[in-house]
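Inside the fold
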Amino acid sequence: MKHSVEMNEIFTAMNKAQSEIGVAVKGSSGHQIVYADLAEIIRVIETPCKNNGLSHMQMPSDINGQPSLITLIGHTSGQWLSSETIMAHAKLSRGNDAQCRGASIAYQRRYSLKSVFGIAEMDEESAMAHETSKATKAIEEASPVATDAKVVQ
């Protein structure tokens with residue numbers, strides 16, 4: 001991992017963003033698995049990042065001739081952090097080399113963003129239950145009414 005000299009503001013922003021990030025819904029399937037696709041991962045981080053002055057960029061690169069992906073997280077303060085990972089070569093049942101490379105990039109982008117932002121994947125039903133539970137907890141914490149959890153004896 002590489003990063004700016006100072007990191008206090010980006011860590012504060014990441015902490016706040018991660019508290020706002022929900023779970024990613026597994027809505028795509030392929031290779032006999034169900035997963036949250038890249039668009040879903042980006043959807044989950046988009047608003048929390050904007051709310052906290054964060055942005056992300058991902059760029060294909062290479063490390064000693066091997067395809068890699070650089071993921072860069074920036075903050076409005078100018079602080080940043082980045083990670084570069086060697087990409088596995090996707091094996092598609094059909095398609096040319098460019099399509100395989102594109103599949104590898106999409107796969108790595110998804111996993112890199114999930115790792116950086118601490119995103120969990122759940123099936124649609126579990127994700128709905130999680131979000132409902134999270135919303136209920138937020139309402140209870142904001143409520144002026146005393147609850148057992150708020151009463152200190």
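Residues numbered from 1 in each chain as written. Predicted model: local features only at pLDDT ≥ 70, side-chain atom pairs only at ≥ 80, totals over all residues. Heavy atoms only, no water.

Side note on the side chain of Thr71
Quick note on the threshold: A run of DSSP states H or I qualifies as a helix once it reaches four residues; a run of E qualifies as a strand once it reaches two. Both are numbered from the N-terminal end. Polar contact criterion, stated in full: a pair of N or O atoms within 3.5 Å, where within protein one must be able to donate a hydrogen and the other to accept it, and residues adjacent in sequence count only if both atoms are side-chain atoms. Any two residues whose heavy atoms approach within 4.5 Å are treated as being in contact.
Inspection of the secondary structure puts Thr71 in strand 6 (residues 66-75). Reaching out from Thr71, the side chain makes a polar contact with the side chain of Gln58 at a distance of 3.0 Å. Setting aside its immediate chain neighbours within four residues, Thr71 contacts Met57, Gln58, Leu81, Ser82, Ser83, Ser112, Leu113 and Val116.

Focus on helix 2 (residues 38-51)
The condition that has to hold: Given a helix with a known number of residues, its expected span is that number minus one, times 1.5 Å. In this scheme, the bend at a residue equals the angle between the axes fitted to the seven residues that finish there and the seven that begin there. The buried label goes to any residue with under 20% of its type's maximum accessible area, the exposed label to any with over 50%, and the partly exposed label to all in between, with areas taken from a 1.4 Å probe on protein chains only.
Compared with an ideal rise of 1.5 Å per residue, which puts 14 residues at 20 Å, helix 2 spans 20 Å between its outermost C-alpha atoms and is within 8% of the ideal. The principal kink in helix 2, of about 35 degrees, is found at Ile45, preceding the proline Pro48 by one to four residues. If you check which residues of helix 2 are buried, you get Leu38, Glu40, Ile41, Val44, Ile45, Pro48 and Cys49. At its buried positions, helix 2 is contacted by helix 1 (8-20), strand 2 (24-25), strand 5 (54-63) and helix 3 (97-117). Gly53 sits one or two residues past helix 2 and shows a positive phi near 70 degrees.

Let's talk about the nonpolar core
In plain terms, the rule: To define a nonpolar core, start from buried Ala, Val, Leu, Ile, Met, Phe, Trp, Tyr and Cys residues and group those joined through side-chain atoms within 4.5 Å.
Residues Ile10, Ile45, Leu54, Ile73, Phe117 and Ile119 are the most contacted members of the largest nonpolar core, which totals 19 residues. When contributions to this core are tallied by element, the ones reaching two or more residues are helix 1, helix 2 and helix 3. Of the residues forming this core, the biggest block, five residues, is contributed by helix 2.

Observations regarding the sheet that holds strand 6
Applied cut-off: Strand pairing is defined by DSSP finding a minimum of two bridges between the two strands.
Taken in spatial order, the four strands line up as 1-7-6-5 in an open sheet, and their pairing is antiparallel. Sheet topology places strand 1 (2-3) and strand 5 at the edges, where each strand pairs with a single neighbour. Note: strand 6 against strand 7 (residues 80-86), seven bridges, orientation antiparallel. Across the sheet, the residue bridging to Thr71 is Ser83, located in strand 7.

Overview of the pairing of strand 5
Two strands pair when backbone bridges link them, and strand 5 and strand 6 are joined in this way by ten bridges, in the antiparallel orientation. Following the sheet pairing, His56 is matched in strand 6 by Ile73.

Brief notes about the pattern of salt bridges
Keep this limit in mind: Whenever a carboxyl oxygen of Asp or Glu lies within 4 Å of a side-chain nitrogen of Lys or Arg, that contact is scored as a salt bridge.
Evaluated as defined, the whole model comprises three salt bridges. Between Glu46 and Lys50 there is a salt bridge, with the nearest N and O atoms lying 3.7 Å from each other. Here Glu46 and its partner Lys50 are both found in helix 2, four residues apart, which amounts to about one turn of the helix. What makes Glu46 partly exposed here is its relative accessible area of 40%. Taking the relative accessible area as the measure of exposure, Lys50 reaches 62% and is therefore exposed.

Structural notes on the confidence of the model for the chain
Interpretation of this model should avoid reading the predicted coordinates in detail wherever pLDDT is low. Let me state the cut-off plainly: What pLDDT conveys is the predictor's confidence in a given residue, as a value from 0 to 100.
On average, the chain scores 85 in pLDDT, and the residues at 70 or more come to 80%. Strand 1 holds the highest mean pLDDT among the elements of the chain, 98, whereas helix 4 (residues 124-142) holds the lowest, 57.

Describing the environment of Cys100
Along the polypeptide, Cys100 turns up in helix 3. Overall, the relative accessible area of 8% leaves Cys100 in the buried class. A sequence separation of eleven residues divides Cys100 from His89, and the C-alpha atoms of the two residues are 7.1 Å apart. With residues up to four places along the chain from it excluded, the contact list for Cys100 reads His89, Ala90 and Leu92.

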